[in-house]
Amino acid sequence: MTNSNQTMKAVSYSSYGGPEVLEVHDVPVPEPTGNQVRLHIRAAGVNPIDWKLRSGSMAEVMSVQFPKIPGSEVAGVVDAVGPDATGVLVGDDVFGWSDTGGYAEYALASIVVPKPKGLSWTAAATIPVAGEAADRGLRLLRLKSGETLLLNGASGAVGTIAAQLAVDAGVTVIGTASEKHHDALRELGATPTTYGEGLADRVRELAPNGVDAVLDLGFGGLDAAMDLRGGTDRIVTLSDGAAFGLGITFSSGNAGDRSAETLRRLSALAVAGKLTLPPVRTFPLTDAADAQRIGEKGGSRGKLLLHP
């Protein structure tokens, strides 16, 4: 166990800008309060929200207190517990959401669950953000068995999980992705097609009876979604700000959506071989700027992770 006089390495930024504003510093190890636990981090996720906040593009809707340690999902070993924490002991392997930022050697967390023995650290760290988003998007669409879903941006981390959850619920999934990812989508049980111009026509060929709902995880696909649905009903986007001008539901999620039950359910499915988690690419903590740079560029499947 650490003590309050010790320091840790953490990546933070003190002004908005490009990946170059991310710097490695020695900072005090945080102390848990209330129901928090402290994790010695083994893996931490790198997600789009991290670089959107860092760039300042979300400054009007989500303020950042500098210096900011990015990162919201972590997996690690509990090494201290707050006075009100229950059901978690020092030495437990857990994963969940970070309260203090995951780009660090240690982080505080209020919502964590045990990491199953059959789940690697890297696999566990892929679940919280993408799993919650996939679960939330599908729940908002109220899908029923026998319906058809258009999943725009199906090959990313959220899409990988959403496609499988929908298929498992008896939903026919048509997923958009670049051609190099089509085989991967087929393995998940989805029917792939390419995104971009002519999307609505391609989907009609694949689903002549129409699509019942659209979950959008990309950009530029909302016009096609409205064309296919004949309006804005049962279209949800988790990513495209154009929704606000079109009257389409935009869901960004919040801390209230973070559910320990979701983490337990998805990790159990993964261990049972019933849920294929996104592929991962890992970076040392000190290369966090490179990880964000690659993430912003886009075009790759799966998750980016940091290893302290």
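Residues numbered from 1 in each chain as written. Predicted model: local features only at pLDDT ≥ 70, side-chain atom pairs only at ≥ 80, totals over all residues. Heavy atoms only, no water.

A. Quick look at the pattern of salt bridges. Evaluated as defined, the whole model comprises 16 salt bridges. Taking the shortest distance from any N to any O, the salt bridge between Glu-147 and Arg-234 comes out at 2.9 Å. Here Arg-234 lies in the loop between α7 (222–229) and β11 (235–237) and Glu-147 lies in the loop between α3 (127–141) and β7 (148–152), a separation of 87 residues in the sequence. The buried category is assigned to Glu-147, whose relative accessible area is 13%. (Salt bridge = Lys/Arg side-chain N within 4 Å of Asp/Glu carboxyl O. Helix = DSSP H or I, 4+ residues; strand = E, 2+ residues; numbered from the N terminus. Buried < 20%, exposed > 50% of the residue type's maximum accessible area, 1.4 Å probe, protein only.)

B. Examining the layout of surface pockets more closely. Looking at the second largest pocket, its volume works out to about 170 Å³. Around the second largest pocket sit Asp-135, Leu-138, Arg-139, Arg-142, Leu-143, Lys-144, Ser-145, Leu-165, Ala-166, Ala-169, Val-171 and Arg-265, which together line it. Every element with two or more residues in the lining of the second largest pocket is listed here: α3 and α4 (157–168). Broken down by element, the lining of the second largest pocket gets its largest block of residues, three residues, from α3. Of the residues belonging to the lining of the second largest pocket, the class tally is six nonpolar, one polar and five charged. (1 Å grid on protein atoms, 1.4 Å probe; cavity = no way out; pocket = protein on both sides within 12 Å on 5 of 7 lines; lining within 4 Å. Points joined across faces, edges and corners; volume = space filled by probe spheres on them. Nonpolar A, V, L, I, M, F, W, Y, C, P; charged D, E, K, R; others polar.)

C. Local environment of helix α9 (residues 260–271). When the terminal C-alpha atoms of α9 are compared, their 17 Å separation across twelve residues agrees well with the 16 Å that a helix rising 1.5 Å per residue should span. Taken together, the buried positions of α9 are Thr-262, Leu-263, Leu-266, Ser-267 and Ala-270. For α9, the arc enclosing every buried residue in end-on projection is 120°, short of the 170-degree limit, so these residues lie on one face. Against the buried residues of α9 lie β5 (93–98), β6 (106–114), α3 and α4. Two to three positions downstream of the cap, the backbone nitrogen of Glu-261 sits 3.1 Å from a side-chain oxygen, assigning the N-cap of α9 to Ser-259. Gly-273, located one to two residues past α9, shows a positive phi value of around 80°. (Expected span 1.5 Å × (residues − 1). Arc of directions from axis to C-beta. Contact = heavy atoms within 4.5 Å. Polar contact = N/O pair within 3.5 Å; in protein donor to acceptor, adjacent residues only side chain to side chain.)

Any functional reading would require information beyond the geometric quantities listed.
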